[in-house]
Amino acid sequence: MMNIVAAILIPVLFDELNVKKVRSWLKLALHMLICAVLMTVFCAVYYLWTSKGMPQICCAAVTVIYAIFFVKSNMPSRLMMAVSYISCHMNVFVICFSISDLLKIAGAKGEQVIAVLMCIIILTSCVLFLRNYAVRNISEIPVISVVLVCVVGAINIIYWVMSNVMDIEPALDIIFGIIVVVLLLFAYYSAYALSVNINKTHRDRAQAMMRMADERLMRASEENLESMRKLRHELKNQYAYMRLLLREKQYDKLDAYFSQYEASLPETLFYIDCGNRTINAIIAVEEGKAKSAGAKLDCRIEVPSDLPVKDIDLCTVIMNLINNAVEYCERYPELADRTVSVAIRLINSVLHFALFLTPFVPRREKLILSVRRIIRAY
């Protein structure tokens, strides 16, 4: 019975549940039934193959199969949750069986029922703890977090093997079992907290970039508006002066004035409106950086106002890649053509982003970690 309970708790740990949708509950129930059937089959095969009482291996096999074929989160999160559950349930069984042995030695009745109830309660509590601090929705999990959980999980599994092959006193089994399980849960929570903190740092950085982009776009809009007002006022005066020269037929002075006017024309005002507010702000910021580095942006953007990409992710990808190209121009001042070509298009619900810098100097550089993480997420 405890093996079936351990099996039906696997979907409870891994599945995302929407409590308001009946379909979500039915899906969870179906997955629980599948795990229970798999556990029954594996245990039957296991007991036909050997008479040794270590059926927790069957639960470990069901957990691995479920994590591979039924869970859609990233691989590090699946690995962490699977290792944690396998290690935890193995030693929970050790603890409960040891309590049953102590009760039997003390002459208590119903020790098996008590052991089963305690196993269900403790294992369910551990699953709820792991589910509450689930890492499946964390996009970036540092390697150190995965290594920490795997190492502590390996310690749990080693102790489980030792308790099955060695004759250890039940009291010691209970004490050491509790220690390794608590250590595992602490390691899992530490890995979760570290991953959340790193993702929060990246999110805050992206939000800061978005605020900077919005501020830069607002300043650019204000500057462009003020420049256009001044230009309009100047044009009125210049038109009046040119009309006076034409009326008086002073063509030489008019020609000289035109030459002087062409030499004093203001720089072209930069503003881009591709239909998407976020990309407008990003390109406005990057144009200022490119201009400071002596580079030029050549943008070809065809996107709708709403994109299937989060604004923060869009900001991180575009700004990081364009910044790299601009920094490349700064490192190589001898480049004749310092144009950075940017192409962004939405094709069949997939956002395509291309960046070209010519002339291209062959260099092998790794893709920025944050950009690679976002690309994997989509």
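As a starting point, this report considers the structure included with it. The shown structure was predicted, so the numbers you read here are calculated from the model rather than taken from an experiment.

The phi angle of most residues is negative, glycine excepted, and most peptide bonds adopt the trans form. If you check the backbone angles, K249 has positive phi at about 55° while not being a glycine. With respect to the helices, strands and loops of the structure, K249 is situated in the loop between α7 (170-247) and α8 (251-263).

As a general feature of sheets, a regular strand has side chains that alternate between the two faces. Only one face of strand β1 (residues 296-302) is covered, namely the face carrying L297, C299 and I301; the face carrying K296, D298, R300 and E302 is uncovered. As defined by bridge partners, β1 adjoins strand β2 (residues 339-347) across 7 bridges and the pair is classed as parallel. Following the sheet pairing, L297 is matched in β2 by V340. For the crossover that starts at β1, traverses helix α10 (residues 311-331) and ends in the parallel β2, the hand is left-handed.

This part takes up a positive patch on the surface. On the surface, K21, R23, K27 and K72 cluster together to form a positively charged patch. With respect to the secondary-structure elements, K27 resides in helix α2 (residues 22-49). K27 sits in the partly exposed class, given a relative accessible area of 48%.

Time to look at a nonpolar patch on the surface. Taken together, the side chains of V143, I144, V147, V151, I155 and L194 define a hydrophobic patch exposed on the protein surface, amounting to about 520 Å² of accessible area. Sorting elements by how many residues they give to the nonpolar patch places helix α6 (residues 143-165) first, with 5 residues. Looking at the secondary structure, you find V143 in helix α6. Note on V143: relative accessible area 64%, which makes it exposed.

So, on to α6. Over its 23 residues, α6 runs 33 Å from end to end, which matches the ideal 33 Å to within 8%, given 1.5 Å per residue. Restricting attention to buried positions, one finds in α6 the residues S145, V146, V149, V152, G153, N156, Y159, W160 and S163.

Counting 49 residues, the largest nonpolar core has I10, F14, M80, Y85 and V135 as the members making the most contacts within it. Counting residues per element, the ones that place at least two in this core are α1 (2-14), α2, α3 (56-69), α4 (75-105), α5 (111-132), α6 and α7. The element best represented in this core is α4, accounting for 11 residues.

Turning our attention to the pattern of salt bridges. Across all of its chains, the model carries 4 salt bridges by this definition. For K200, the salt bridge goes to D204, with nearest N and O atoms at 3.0 Å. You can see K200 and its partner D204 sitting in helix α7, 4 residues apart, about one turn around the helix. For R345, the salt bridge is made with E302, and the minimal N-O distance between the two is 3.6 Å. Of this pair, R345 sits in strand β2 while E302 sits in strand β1, and the two are 43 residues apart along the sequence.

Further remarks concern the packing of α1 against α3. Two numbers describe how α1 lies on α3: the axes approach to 10 Å, and their chain directions differ by 30°. Between α1 and α3, the angle is such that the two are roughly parallel. Classified by chirality, the crossing of α3 by α1 is right-handed. Contacts from A6, I10, P11 and F14 in α1 reach C59, V62, T63, Y66 and A67 in α3. Of the residues contributing to the contact of α1 with α3, the split by class is 8 nonpolar, 1 polar and no charged.

Cut-offs applied
Residues numbered from 1 in each chain as written. Predicted model: local features only at pLDDT ≥ 70, side-chain atom pairs only at ≥ 80, totals over all residues. Heavy atoms only, no water. Helix = DSSP H or I, 4+ residues; strand = E, 2+ residues; numbered from the N terminus. Buried < 20%, exposed > 50% of the residue type's maximum accessible area, 1.4 Å probe, protein only. Pairing = 2+ DSSP bridges. Right-handed = clockwise from strand over helix to strand, strands pointing away. Patch = residues over 30% accessible without salt bridge, like charges linked within 9 Å, V, L, I, M, F, W, Y side chains within 5 Å. Areas by Shrake-Rupley, 256 points an atom, 1.4 Å probe, with all protein chains shown as cover. Salt bridge = Lys/Arg side-chain N within 4 Å of Asp/Glu carboxyl O. Lys, Arg positive; Asp, Glu negative; His and termini not counted. Charge placed at Lys NZ, Arg CZ, Asp CG, Glu CD. Expected span 1.5 Å × (residues − 1). Core = buried A, V, L, I, M, F, W, Y, C linked by side-chain atoms within 4.5 Å. Axes fitted to C-alpha atoms, helices over the stretch in contact; angles between N-to-C directions. Parallel < 35°, antiparallel > 145°, perpendicular 65-115°, else oblique. Left-handed = near helix turned anticlockwise from the far one by under 90°. Contact = heavy atoms within 4.5 Å. Nonpolar A, V, L, I, M, F, W, Y, C, P; charged D, E, K, R; others polar.

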